[in-house]
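# Secondary and tertiary structure notes
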Amino acid sequence: MGKIILTGDRPTGRLHIGHYVGSLRNRVKLQNEEQYDKYYIMVADAQALTDNFDNPQKIRDNVIEVVLDYLSVGIDPNKVVIFLQSEVSALTELTFYYMNLVTVARLLRNPTVKSEISMRGFDNTVPSGFLNYPISQTADITAFKANCIPVGDDQLPMLEQCNEIVRKFNSIYGDVLVECEAYLPQKEAERRVPGIDGKSKMSKSLGNAIYLADTKEEVARKVMLMYTDPDHIKVSDPGKVEGNIVFLYLDIFANDEHFKKYLPEYQNLDELKNKYRAGGLGDVVIKKFLINVLEEELEPIRERRHYYENHLDEVYDIIKKGTQQAIEDANKTLIDVKKAIGIDYFSNQQFYLEINDKYKQG
Ligand code: ATP
Ligand code: MG
């Protein structure tokens, strides 16, 4: 079987450099390698409503932001189907049938969901829709028979859950669904980028992010606020590199060319780290370097975004066309699923013949 790629994002805010490193960069790489049969990227608005049901305007407003972010990092709508989850009703139908295959205890054990429940203060008030979102994510993946999922590592428990449902479905109803695999960034540090506060994962919901659409000034301001080493007070003090967010971001983004261009006193990151450890290197120097390094990546993204902000008709058509395609493709799987369960009453003569057979006069 060929490669079918699917991934998505919740329209709860603009996308940030954590998304870029954890998933978007890999998506563009996969797109450009062109070794796939189908490629889908979904704006998960229905999933976003599971914990934002009381603020639907926020979700509606962010749909366009997320699609602009896709296009600005270089996702090509001629190669990738970009679609809106809530418009594809086959996905909610599939979710309903998959719900029978998972226990509530299993859902509560999901470590990502567990930490999200406590982060959102949902401890005794978790909406059942939120608890169920890994099941709806299984519907998203299986509806397109996707087997390659470019994500950050917070998604691993979701994919494990998805594959459990697939195996259970296939063992009860027959081989219809396909198992999937995560496509993770190579470097460990890129799989879960921390926020500028240095504490939790960079996340749209936590206000600790550098957004792809931030202006140069905003990026600089956020970098200058970054946490480094609290014991590195005077320039001459020895500093710690481990746990220092500026170095963590440099590990992800900086290369030797950047040193030649912006900090020629050092050849590479190892030299810079050694100097910082020894003392005599101020935080302002490393922060200014990081700003330059980030700008190299963010400037072209900002420019492409600017183009699409001025061509919104094009963007609207991309989402509409992609969604129509997704509806068509997901419906095919829904038909297979209903047939496997035996709830395809009017798709052919079979049900009619069965009821007649049953009551056929002797
Ligand atoms: P929310 O707070 O609304 O859940 P989020 O910032 O976690 O938003 P999602 O839309 O849930 O973003 O995640 C989209 C994709 O980005 C997923 O593949 C996820 O693994 C990846 N991702 C999100 N945050 C990070 C991060 N800090 N580092 C690496 N990958 C990330
Ligand atoms: Mg998330």
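Here the structure is a predicted model, which is why all the values come from computation and not from measurement.

## A few points about helix α11 (residues 216–224)
Within α11, burial applies to Val219, Lys222 and Val223. Down the axis of α11, the buried set is contained in an arc of 100 degrees. They therefore lie on one face. Of the surrounding elements, those touching the buried residues of α11 are α15 (283–309).

## Considering the packing of aromatic side chains
Considering all chains together, one arrives at 13 aromatic pairs under this definition. Between tyrosine 40 and phenylalanine 144 the ring centres are 4.4 Å apart and the planes differ by 45 degrees, which places this aromatic pair in the tilted class. Of this pair, tyrosine 40 sits in strand β2 (residues 38–43) while phenylalanine 144 sits in the loop between α8 (133–143) and β4 (148–150), placing them 104 residues apart in sequence. Taken individually, tyrosine 40 and phenylalanine 144 each receive the classification buried, so the pair is uniform in this respect. With a centroid separation of 5.5 Å and 65 degrees between ring planes, the pair formed by phenylalanine 122 and phenylalanine 130 is classed as edge-to-face. On the accessibility criterion, phenylalanine 130 (0% relative accessible area) is buried. Among the aromatic side chains, those forming a connected cluster through ring pairs are Tyr40, Phe83 and Phe144.

## Describing the site of ligand 1
Near ligand 1 lie 22 residues; those nearest to it are Thr12, Asp154, Lys201, Ser203 and Ser205. In the complex, 97% of the free accessible area of ligand 1, which totals 600 Å², lies under the protein chains. Comparing atom positions with the cavity grids shows ligand 1 to sit within the largest pocket. When residues of the shell around ligand 1 are traced back to their parent elements, those giving at least two are β1 (4–9), α1 (17–33) and α10 (188–191). Here the shell around ligand 1 gets 3 residues from one element, more than from any other, and that element is α1. Across the shell around ligand 1, the residue classes tally to 3 nonpolar, 10 polar and 9 charged.

## Let's talk about the pattern of salt bridges
In total, this model carries 29 salt bridges according to the counting rule given. For aspartate 231, the salt bridge identified is with lysine 240, shortest N-O distance 3.8 Å. Using a relative accessible area of 44% as the deciding quantity, one classes lysine 240 as partly exposed. Connected through shared salt-bridge partners, Arg14, Glu65, Asp69, Arg305 and Glu309 make up one network.

## As for the side chain of arginine 10
Mapping arginine 10 onto the fold places it in the loop between β1 and α1. There is a polar contact of 3.0 Å between the side chain of arginine 10 and the side chain of aspartate 51. Other than its neighbours up to four places away in sequence, arginine 10 contacts Ala44, Gln47, Ala48, Asp51, Asn52, Val66, Arg120 and Lys204.

Rules behind the numbers
- Residues numbered from 1 in each chain as written.
- Chains lettered and ligands numbered in written order.
- Predicted model: local features only at pLDDT ≥ 70, side-chain atom pairs only at ≥ 80, totals over all residues.
- Heavy atoms only, no water.
- Buried < 20%, exposed > 50% of the residue type's maximum accessible area, 1.4 Å probe, protein only.
- Helix = DSSP H or I, 4+ residues; strand = E, 2+ residues; numbered from the N terminus.
- Arc of directions from axis to C-beta.
- Contact = heavy atoms within 4.5 Å.
- Phe/Tyr/Trp six-rings, centres within 6.5 Å; stacked < 30°, edge-to-face > 60°.
- Near = heavy atom within 4 Å.
- Areas by Shrake-Rupley, 256 points an atom, 1.4 Å probe, with all protein chains shown as cover.
- 1 Å grid on protein atoms, 1.4 Å probe; cavity = no way out; pocket = protein on both sides within 12 Å on 5 of 7 lines; lining within 4 Å.
- Sits in = over half its atoms within 2 Å of the grid points.
- Nonpolar A, V, L, I, M, F, W, Y, C, P; charged D, E, K, R; others polar.
- Salt bridge = Lys/Arg side-chain N within 4 Å of Asp/Glu carboxyl O.
- Polar contact = N/O pair within 3.5 Å; in protein donor to acceptor, adjacent residues only side chain to side chain.

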